[in-house]
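Report on the structure
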Amino acid sequence: MTTYTILNPATEQPVSTVPGTTEEETDAAIARAEVAQRTWRSVAPGDRARLLRAFAAQVDAHAEELAQLEVANSGHPVGAARWEAGQVRDVLQYYSAAPERLFGKQIPVAGGLNVTFAEPVGVVGLIVPWNFPMPILSWGMAPALAAGNAVVAKPAEMTPLTAMRIGELALEAGLPENVFQVLPGKGSVVGQRLVDNAAVRKIVFTGSTEVGRQIMVGCARHVKRLTLELGGKSANIIFADCDLELAAATAPYGVFDNAGQDCCARSRILVQRSVLDQFMERLEPAVQGVRVGDPSLPETEMGPLISGSHRASVAKYVTEDAHVAFRGSAPEGPGYWFPPTVLAPIGLNEPAYTEEIFGPVVTVTPFEDEAEAIKLANDTPYGLSGSIWTANVGRAIRVARGVETGNLSINSHSSVRYWTPFGGFKQSGLGRELGPDALEAFTETKNVFISTQE
Ligand code: NDP
């Protein structure tokens, strides 16, 4: 068996060694999942619900342990990591109500009655990125299990530790063996097998648009169901009539949370020209006030980037001749640190404006009016998230309807609530996660005619 070493991105020191799952081991895990799923789907809905609640309780009892693992593995600030562990518990708790609510329909037809059943799809392959290892795992895992599927999850190669522990907690909570398995390893090996093995009936992928596109091609070969959550380059649109203090104070957190490694990051700030100077005056102290440093300290707001190679790729966007308006701080010494950075002015064709950086770099661009704000916001192949700041309710709704994106907030920078739908437009995604309708993504509708003829 091959193994590989996990590094702490804040110290560059080894944290743990984990097995790298092979293709053969992945196929064997899928075969075990197929067998386990036949039993799991026939567990009475009330019992499936009870087991998911026990799983949620087990995660809750180990939330601090999971949070500390995430601090060490991903460099997330401990406050954020605690929230993320709590999110796994909450998402499991939310979907534990689903097994007893998987209703079909009765449709009167000539000569009888049609009834529908929401059948589980079978084995679901979950391919998880490194930026939010716990929440993104839970968003696929919980509804898939609730609907009666078996799940084989592949965490990102660099950040498998919390997912592996959650796999153990599932067993400790009483979930049957092989209903939920976690296979650490490479995307090109484990992830690819999940896509290529015909016994996996659905893939849930979160990650880059480029890999998402390849996975879509792979799934097409088997006509395999697919949910994609991909990249973003979201706009934070600031109108002159908004609460400028609040918009400027929260803008850094809308993009620098998780060191900008967030598909919902509002990485393009668009500001109405009449208040550009006032906005920049307020943004500067807000950016410099972001507390960057040791992720194990409760006061830390931003940790390191995930790896040295990722830091190099972020740094490419802040070239020698880039217009850096101002920057925040970052520690010296070991760790993959990068200071919060504001680029302005910025050309509309510059890579820092057009490409997803996935780091703590934001651009600021002025606009004249509502029409130009919408045009700029939509001038991207992505459409995942965004914010609109205005005191005018009508404008807020008009602009929200005009912006081609899946998740918007008005006068707020928040993005994801597990009880509301989440997903992207354009090249940011395919399908919706979260919310009550997520179960539809993990079930097939079966239609049965019952004759009432004598
Ligand atoms: P990737 O899309 O490369 O990886 C996401 C997941 O897919 C990982 O588990 C990865 O495994 C796996 N994977 C990689 N190649 C394959 C494959 N051929 N078949 C199946 N699975 C595969 O994202 P990265 O982590 O490399 O990040 C690159 C960029 O993607 C970021 O800079 C950002 O722009 C974007 N991104 C967006 C995210 C989002 O939430 N929307 C999340 C993460 C990244 P492995 O860990 O081995 O690479």
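Below, the structure is looked at part by part.

Glancing now at the sheet that holds strand 18 (residues 443–451). In spatial order, the strands read 3-4-18; together these three strands make up an open sheet with antiparallel pairing. Single-partner strands in this sheet number two, and they are strand 3 (106–109) and strand 18. Strand-to-strand twist across the sheet, computed as the mean angle between neighbouring axes with direction ignored, equals 25°. Bridging between strand 4 (residues 112–120) and strand 18 involves nine bridges; their strand directions are antiparallel. In the sheet register, Phe 117 faces strand 18, and the bridge partner there is Lys 446.

This brings us to the site of the ligand. As a matter of local geometry, the ligand sits amid 26 residues, with Trp 130, Glu 157, Gly 187, Ser 208 and Glu 356 nearest to it. In this structure, an oxygen atom belonging to the ligand sits 2.7 Å away from a main-chain N or O atom of Glu 157. With respect to the ligand, the backbone of Leu 230 contributes an N or O atom lying 2.7 Å from a nitrogen atom. Burial of the ligand by the protein chains amounts to 83% of its free accessible area of 860 Å². At the level of secondary structure, the elements contributing two or more residues to the shell around the ligand comprise helix 7 (187–196), strand 8 (200–206) and helix 8 (209–222). Its residues placed into classes, the shell around the ligand shows 11 nonpolar, 10 polar and five charged.

Enumeration according to the criterion identifies seven aromatic pairs in this entry. Between Tyr 418 and Trp 419, the aromatic rings sit 4.8 Å apart at their centres with planes inclined by 80°, giving edge-to-face as the arrangement. By relative accessible area, Trp 419 is classed as partly exposed at 45%. Three or more aromatic residues joined by ring pairs form one cluster here, namely Tyr 94, Tyr 95, Tyr 418 and Trp 419. The ring of Phe 442 is capped by Lys 202, whose NZ or CZ atom sits 4.9 Å from the centre of that ring.

Reading guide: rules and limits
Residues numbered from 1 in each chain as written. Predicted model: local features only at pLDDT ≥ 70, side-chain atom pairs only at ≥ 80, totals over all residues. Heavy atoms only, no water. Pairing = 2+ DSSP bridges. Helix = DSSP H or I, 4+ residues; strand = E, 2+ residues; numbered from the N terminus. Axes fitted to C-alpha atoms, helices over the stretch in contact; angles between N-to-C directions. Near = heavy atom within 4 Å. Polar contact = N/O pair within 3.5 Å; in protein donor to acceptor, adjacent residues only side chain to side chain. Areas by Shrake-Rupley, 256 points an atom, 1.4 Å probe, with all protein chains shown as cover. Nonpolar A, V, L, I, M, F, W, Y, C, P; charged D, E, K, R; others polar. Phe/Tyr/Trp six-rings, centres within 6.5 Å; stacked < 30°, edge-to-face > 60°. Buried < 20%, exposed > 50% of the residue type's maximum accessible area, 1.4 Å probe, protein only. Lys NZ or Arg CZ within 6 Å of the ring centre and 35° of its normal.

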